[in-house]
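For reference, the chains in residue letters:
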Amino acid sequence: PPIYDFRLQLLHEVWEYCQSFSHLAKVAEAGRGLEYKTKPKKGEAYNRKKHLQPNVQTISDHKFAGAVRGYDKFARNIMLTETPELFWMNLAPEVISRPRWGTETGTPQVLLNSIRVGDGPWRLKALIDSKGYPVTTRFIVVRSKIREWSLEVIWAILNSPLANAYTYCHSLERNNQTGMIRNLPIPNYDPYSLHRLNNLVRNYFDLYDSKGKILHDE
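These figures come from a predicted structure and were not determined experimentally.

Conventions used here
Residues numbered from 1 in each chain as written. Predicted model: local features only at pLDDT ≥ 70, side-chain atom pairs only at ≥ 80, totals over all residues. Heavy atoms only, no water. Buried < 20%, exposed > 50% of the residue type's maximum accessible area, 1.4 Å probe, protein only. Helix = DSSP H or I, 4+ residues; strand = E, 2+ residues; numbered from the N terminus. Pairing = 2+ DSSP bridges. Salt bridge = Lys/Arg side-chain N within 4 Å of Asp/Glu carboxyl O. Patch = residues over 30% accessible without salt bridge, like charges linked within 9 Å, V, L, I, M, F, W, Y side chains within 5 Å. Areas by Shrake-Rupley, 256 points an atom, 1.4 Å probe, with all protein chains shown as cover. 1 Å grid on protein atoms, 1.4 Å probe; cavity = no way out; pocket = protein on both sides within 12 Å on 5 of 7 lines; lining within 4 Å. Points joined across faces, edges and corners; volume = space filled by probe spheres on them. Nonpolar A, V, L, I, M, F, W, Y, C, P; charged D, E, K, R; others polar. Phe/Tyr/Trp six-rings, centres within 6.5 Å; stacked < 30°, edge-to-face > 60°. Axes fitted to C-alpha atoms, helices over the stretch in contact; angles between N-to-C directions. Contact = heavy atoms within 4.5 Å.

**Here's the deal with the pairing of strand E8 (residues 109-113)**
And step 1. Of all five residues in E8, five are buried, a share of seventy percent or more.
And step 2. Every second residue of E8 is oriented toward a common face, with Gln109, Leu111 and Asn113 on one face and Val110 and Leu112 on the other, all of them buried.
And step 3. Inspection of the sheet shows E8 paired to strand E9 (residues 126-129) by four bridges, in the antiparallel sense. Among the inter-strand pairings, Val110 is bridged to a residue of E9, identified as Ile128.

Here is the structure:
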């Protein structure tokens, strides 16, 4: 017999209206950070493709041989004007099971939480990483494909009510999916509106000092 689904998607009128919009994938690339190999569990046979060798370091608070600076943890309480805590990371191919988008360095990017920051409608936090550090699978990185789409513009779109509503209505999973991020609808735009939005975001950042305090004292 035929199967019918009578569920009505939340904000379905909004998503119908957005059907004519472009998607984020048109202007930016998105991918998850690297995943390290794991240590063998007790009684499990060693497998060089998925297991680390004994005494091999992957991430540390302290510098070790061959390590580079990178991001491992996405704090739920981090402010949108901040960047995550830096750790020392091992980027040797033999310790990584899936490099994905996490091993590239020096490419400016926007960092997005891969695990949602709350159970309510606001599930996304986007942060600007202007230096382009490597990241683990706890992050989704978003990199512009078009010069006019600056990190500031992408940051504004990903932190917007539209992006958070889309994520809330289109996923029941604990993790934010990269495919869903690529499919985010983006409003119609022109060079002037992008330039204006870029300047507004920069002005917003200027209101904060390095500790995230707004309107800092003289």
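**Looking at the pattern of salt bridges**
For side chains of opposite charge, pairing can occur when their charged atoms come near one another.
And step 1. Applying the stated criterion to the full structure yields seven salt bridges.
And step 2. Glu35 is the partner of Arg100 in a salt bridge, and the nearest nitrogen-oxygen pair spans 3.3 Å. Taken together, the residues span a long stretch of sequence, with Arg100 in the loop between strand E7 (96-98) and E8 and Glu35 in strand E3 (residues 35-36) at a distance of 65 residues.
And step 3. The partly exposed category is assigned to Glu35, whose relative accessible area is 28%.

**Quick notes on a nonpolar patch on the surface**
And step 1. Residues Leu10, Leu11 and Val14 make up a contiguous nonpolar surface patch of roughly 240 Å² in combined accessible area.
And step 2. Along the polypeptide, Leu10 turns up in the segment before helix H1 (12-17).

**Quick notes on the layout of surface pockets**
And step 1. When its volume is computed, the second largest pocket comes out at roughly 200 Å³.
And step 2. If you trace the second largest pocket, you find 14 residues lining it, with Thr83, Ile128, Asp129, Ser130 and Lys131 closest to the centre.
And step 3. The set of elements that each furnish at least two residues to the lining of the second largest pocket consists of E9 and helix H2 (151-158).
And step 4. A per-class count over the lining of the second largest pocket returns seven nonpolar, three polar and four charged.

**Description of the packing of aromatic side chains**
And step 1. Following the criterion strictly, the structure yields 10 aromatic pairs and no others.
And step 2. Between the aromatic rings of Tyr17 and Phe21, the centroid separation amounts to 5.7 Å while the plane-to-plane angle is 75 degrees, which identifies the pairing as edge-to-face.
And step 3. A relative accessible area of 13% places Phe21 in the buried class.
And step 4. Between Tyr71 and Phe139 the ring centres are 6.2 Å apart and the planes differ by 40 degrees, which places this aromatic pair in the tilted class. One end of the pair, Tyr71, is in strand E5 (residues 68-71); the other, Phe139, is in strand E10 (residues 139-144), and 68 residues separate them in sequence.

**Focus on the sheet that holds strand E2 (residues 28-32)**
And step 1. Reading across the sheet, the four strands line up as E2-E10-E8-E9 and stay open at both edges, with antiparallel pairing between neighbours. Both edges of this open sheet fall to E2 and E9, since each of them pairs with a single strand only. Strand-to-strand twist of the sheet, defined as the mean angle between neighbouring strand axes without regard to direction, takes the value 25 degrees.
And step 2. Against the sheet, H2 touches E2, E8, E9 and E10, its axis set at about 165 degrees to E9.

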